[in-house]
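What the coordinates show
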Amino acid sequence: MTGDPLTRLVYLAEVTSYCSLADERVVRGFRRERDRIVAERNFDQDHIEQARMTAWKLAHAEWQNRGLGGFRNWCRTEGEDAAALFRSLAQD
């Protein structure tokens, strides 16, 4: 996994999507944290797009590397953890 915080964040969002965990609160929390990181690091549009593409490729590769049983475990562990993180950032 890359050390770029935006890529890592988008990867986690992709995992929640693959695992059907991306509800309204997850999306809201992701967007809040994404906006914070972009502003804090002053990332330009090229960096944002590169992070998005890299994260998508990493998540897709991880999904392809797992069989059905592995996919379920991925969702129970990394997927549920990512969803919980985003929900905690949503600030309802």
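Before going into details, it helps to say that this report is about the structure given with it. (Residues numbered from 1 in each chain as written. Predicted model: local features only at pLDDT ≥ 70, side-chain atom pairs only at ≥ 80, totals over all residues. Heavy atoms only, no water.)

1. Quick notes on the state of the cysteines
Each disulfide consists of one covalent bond between the sulfur atoms belonging to two cysteines. The full count for this structure, using the stated rule, is 1 disulfide. A sulfur-sulfur separation of 2.1 Å characterises the disulfide bridge that pairs cysteine 19 with cysteine 75. On the sign convention where negative means left-handed, the S-S torsion of about -85° between cysteine 19 and cysteine 75 marks this disulfide as left-handed. Of this pair, cysteine 19 sits in the loop between α1 (5-18) and α2 (24-41) while cysteine 75 sits in helix α4 (residues 68-89); the two residues are 56 residues apart in sequence, bridging distant segments of the chain. Exposure remark for cysteine 75: the relative accessible area of 12% places this residue in the buried category. (Disulfide = S-S within 2.5 Å. Helix = DSSP H or I, 4+ residues; strand = E, 2+ residues; numbered from the N terminus. Buried < 20%, exposed > 50% of the residue type's maximum accessible area, 1.4 Å probe, protein only.)

2. A word on the pattern of salt bridges
Summed over all chains, the structure comprises 8 salt bridges. As a salt-bridge pair, aspartate 23 and arginine 87 come within 2.9 Å of each other at their nearest N and O atoms. Of this pair, aspartate 23 sits in the loop between α1 and α2 while arginine 87 sits in helix α4, and the two are 64 residues apart along the sequence. Close ionic contact of aspartate 35 with arginine 34 constitutes a salt bridge, the shortest N to O distance being 3.1 Å. Using a relative accessible area of 27% as the deciding quantity, one classes arginine 34 as partly exposed. Each of Glu33, Arg36, Glu40 and Arg41 takes part in salt bridges that share partners, so that together they form one network. (Salt bridge = Lys/Arg side-chain N within 4 Å of Asp/Glu carboxyl O.)

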